[in-house]
Amino acid sequence: AQSVTQLGSHVSVSEGALVLLRCNYSSSVPPYLFWYVQYPNQGLQLLLKYTSAATLVKGINGFEAEFKKSETSFHLTKPSAHMSDAAEYFCAVKPGGYNKLIFGAGTRLAVHP
Amino acid sequence: DTGVSQNPRHKITKRGQNVTFRCDPISEHNRLYWYRQTLGQGPEFLTYFQNEAQLEKSRLLSDRFSAERPKGSFSTLEIQRTEQGDSAMYLCASSKETGSLSELFFGSGTQLSVL
């Protein structure tokens, strides 16, 4: 079965510090991988997606993620956190041949001054 | 293009009542999805349509739940005889049929509270 595990339901960083949100997937076939962000009272917005064209994927708002097949990981990073990055982040997998996304439980990112 | 629109934003109902939610997708999108999200969890897939055809339903979608997309445009999700466990955020998303990498665009959701 396809699944996504996000390590750490809450992450807190200082403004300007590195952001690292962890995501591991389980898939029997090469998956498509996504990171979404959800701000309070809003829908989910796509940050970036893995298309198999490049292992390092750059997204919006300075975020990027690296696909590591050997580790079955797709961790999200940002070199320098901004207060506006505070939100909930979801990793999702779309197994090959399927038309639906399977989401992880989410990681709530807090950024403090 | 105003994005995916969901109505109402909030719904409070008593246990046993029926509720219906509406989703208006982005106009040129032929795929429409319903997800449910509970506090502290990621969205869980419920069902999806391609045009007016409902192509997949999750086992989470009990007999009390029904979704329709009669003309391949807007969709409704009805819950009959609501239970307290139905309290959740119901999210709608739409996408174009352009292959497996087509992006899902989400609405802001309908928050259901069953008292």
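Residues numbered from 1 in each chain as written. Chains lettered and ligands numbered in written order. Predicted model: local features only at pLDDT ≥ 70, side-chain atom pairs only at ≥ 80, totals over all residues. Heavy atoms only, no water.

A. Spatial organisation of the sheet that holds strand 7 (residues 64-68) of chain A. All names here are of chain A. Spatially, the five strands line up as an open sheet ordered 1-3-8-7-6, and their pairing is antiparallel. Two strands close off the open sheet at either side, each with one partner strand: strand 1 (3-7) and strand 6 (56-58). Sheet twist, expressed as the mean angle between neighbouring strand axes with direction ignored, is 20 degrees. The sheet contact formed by strand 1 and strand 3 (residues 19-26) spans five bridges and is antiparallel. Paired with Q6 across the strands is C23, a residue of strand 3. (Pairing = 2+ DSSP bridges. Helix = DSSP H or I, 4+ residues; strand = E, 2+ residues; numbered from the N terminus. Axes fitted to C-alpha atoms, helices over the stretch in contact; angles between N-to-C directions.)

B. Layout of the interface of chain A and chain B. Across the contact, 20 residues belong to chain A and 21 residues belong to chain B. Surface buried jointly by chain A and chain B totals about 1800 Å² across both partners, of which 52% is contributed by carbon and sulfur atoms. Looking at the side of chain A facing chain B, the largest losses of area belong to L44, N99 and K100 of chain A, adding up to 29% of the total buried there. The interface formed by chain A and chain B includes one salt bridge. Inspection of the chain A/chain B interface yields four residue pairs in polar contact (both at pLDDT 80 or more). For the side of chain A that touches chain B, the residue count by class is 10 nonpolar, seven polar and three charged. (Contact = heavy atoms within 4.5 Å. Buried area = accessible area lost by both parts, 1.4 Å probe. Salt bridge = Lys/Arg side-chain N within 4 Å of Asp/Glu carboxyl O. Polar contact = N/O pair within 3.5 Å; in protein donor to acceptor, adjacent residues only side chain to side chain. Nonpolar A, V, L, I, M, F, W, Y, C, P; charged D, E, K, R; others polar.)

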